[in-house]
Structures are given as structure tokens and as C-alpha cells.
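# Notes for the structure review
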Amino acid sequence: DQQVKQNSPSLSVQEGRISILNCDYTNSMFDYFLWYKKYPAEGPTFLISISSIKDKNEDGRFTVFLNKSAKHLSLHIVPSQPGDSAVYFCAARAGSGGYQKVTFGTGTKLQVIP
Amino acid sequence: DTEVTQTPKHLVMGMTNKKSLKCEQHMGHRAMYWYKQKAKKPPELMFVYSYEKLSINESVPSRFSPECPNSSLLNLHLHALQPEDSALYLCASSQRSLGLAAITGELFFGEGSRLTVL
């Protein structure tokens, strides 16, 4: 049972345009949502997060939107740059404590074309 | 210093071999994780250690044996693996209970150890 889903395995965008990556989830207990970026042969690196009580969080070129009623979130990258080409994982956390229980989506491979 | 260091980066082993993957962090994090990632799949949680105690074992076969000798080190001992265990093994750590990274659930990942079982 995939609790976090990214239905688009890949996305191509022209440099300078907007990239929109989508993510759906099923577990209402998730309290934080995160986006990670992964280059080949490297571990995932944290990009941006959003609390379940917010609907938007912005950090430079990256904005994450959360629609809790639809159990949907999206990552907007504006403007897109060739260096943004990577696999993007949506992730969600349930609860807190001494450790983080994080579930990852299947990933979307973004290609930004110069 | 925000690094999580994993060794070796690549490992090839036979099904009868015994080997270990190692992970080290010096960020003062008290939770450490092993994830397994196969091609075109998301990272899947295997084990979580919190304050050097095993907190989560996601029904991982006993041929994988984790060990947390101290708060900075995490090992994954491998024995009698199968070819389908070939994957990228990722180590991660997370912040203690204070700080923004702890609140958001941010994990700090190493570069991974690419394991091939022949």
C-alpha cells in the first residue's frame, strides 16, 4: 500500500519556465511533508518542507503548496534551471519523538532543457 | 560539518560472504536509519536506531543485522544475501528533539553504498 504517490515518473521543462511536481497521499496522520532532491550516485538532499497546518511554504525559487482536503501537494520551481535536473521525492512524516518515521513517494525525474 | 559518511561506496559479494556496511555522522544526531533503494523505487525504511537502541525493524530478513556501537556509528552486517538484495543502501540521521530540522522531520542522508550480490 503506497501511502505517498507521485503519479508522474518524469517531467521535461524548458529552462526559465515553471516546473510543477505533484504528490498525493492517503494517510491523514502525516503532520509534515518534505521534498527531497536526488542526483545519481548521491543520497537524497532535503529541499523544502511544509506543516500539515499550512497551505504554502516558499524558499527562493521553490514553493510547496498543500491541499489537505484533497490530500495533495505540489512543488513549484520558478524559474527552472538546468541544475535542477534530478529525481524529486515527495516524503511525509507521521508523528514525532526521538526519531522520524518518513515515507517516500516513488519519485519524479525532472529534466530541465537549456 | 553536516556530512553522513558511508563506506564502502561499492560492494560486490557472493551469497556465502559476510560483509558490513558502515555509516558515521558527527552532527550529534541521536537517531540513525538504514534505507534500501532499488532502481526506480523510493527509499524503503529498514531500521531505525534512537539513542543507540533499535526502535524500528520493518520486518527485515535476519540476513541483515544492524548494529549501533555508539551515537555516531551505524553498521549493517550482511550474511547469506540473495541476488535480489542488490540495491543502494542509504544511511540517514536526524536531529534531536529541538530545532527546526527535528520539527520538520528532515533526514540527512549519506551518499549510499551500492551493493551487488552475485
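Below, the structure is looked at part by part. (Residues numbered from 1 in each chain as written. Chains lettered and ligands numbered in written order. Predicted model: local features only at pLDDT ≥ 70, side-chain atom pairs only at ≥ 80, totals over all residues. Heavy atoms only, no water.)

It is worth spelling out the overall build of chain A at this point. Along chain A, the regular secondary structure elements total 0 helices and 11 strands. Order of helices (α) and strands (β) in chain A, N terminus to C terminus: β-β-β-β-β-β-β-β-β-β-β. Radius of gyration (C-alpha) of chain A: 14 Å, near the 13 Å computed for a compact globule of 114 residues. If one aligns the C-alpha atoms of chain A with their principal axes, the spans along those axes are about 40 × 30 × 25 Å. A separation of at least 24 residues holds for 54% of the contacts in chain A among residues at least 6 apart in sequence. Charged side chains in chain A number 12 positive and 9 negative. The centres of these two groups are separated by 4 Å. (Helix = DSSP H or I, 4+ residues; strand = E, 2+ residues; numbered from the N terminus. Rg over C-alpha atoms; globule rule 2.2 N^0.38 Å. Contact = heavy atoms within 4.5 Å. Lys, Arg positive; Asp, Glu negative; His and termini not counted. Charge placed at Lys NZ, Arg CZ, Asp CG, Glu CD.)

On to the sheet that holds strand 3 (residues 18-25) of chain B, then. Residue and element names in this part refer to chain B. Spatially, the 4 strands line up as an open sheet ordered 1-3-8-7, and their pairing is antiparallel. Only two strands of the sheet have a single neighbouring strand rather than two, namely strand 1 (4-7) and strand 7 (64-70). Each adjacent strand pair in this sheet contributes to an overall mean axis angle of 20 degrees, direction not counted. Bridging between strand 7 and strand 8 (residues 73-79) involves 5 bridges; their strand directions are antiparallel. By the bridge assignment for strand 8, F64 is matched with L78. (Pairing = 2+ DSSP bridges. Axes fitted to C-alpha atoms, helices over the stretch in contact; angles between N-to-C directions.)

Another aspect to go through is the side chain of K36(B). All names here are of chain B. By secondary structure assignment, the location of K36 is in strand 4 (residues 31-37). K36 gets classed as buried once you look at its relative accessible area, which sits at 18%. With sequence-adjacent residues up to four places away left out, K36 is seen in contact with P42, P43, E44, M46, E84, D85, A87, L88 and Y89. (Buried < 20%, exposed > 50% of the residue type's maximum accessible area, 1.4 Å probe, protein only.)

Let us now look at the interface of chain A and chain B. Between chain A and chain B, the residue contacts involve 21 residues of the former and 27 residues of the latter. Both sides of the chain A and chain B interface together cover about 1900 Å² of buried area, and 61% of this is carbon and sulfur. On the surface where chain A and chain B come into contact, there are 1 salt bridge. One salt bridge in this structure joins E58(B) and K101(A), with 3.9 Å as the shortest N-O distance. Here chain A and chain B share 3 residue pairs in polar contact (both at pLDDT 80 or more) between them. (Buried area = accessible area lost by both parts, 1.4 Å probe. Salt bridge = Lys/Arg side-chain N within 4 Å of Asp/Glu carboxyl O. Polar contact = N/O pair within 3.5 Å; in protein donor to acceptor, adjacent residues only side chain to side chain.)

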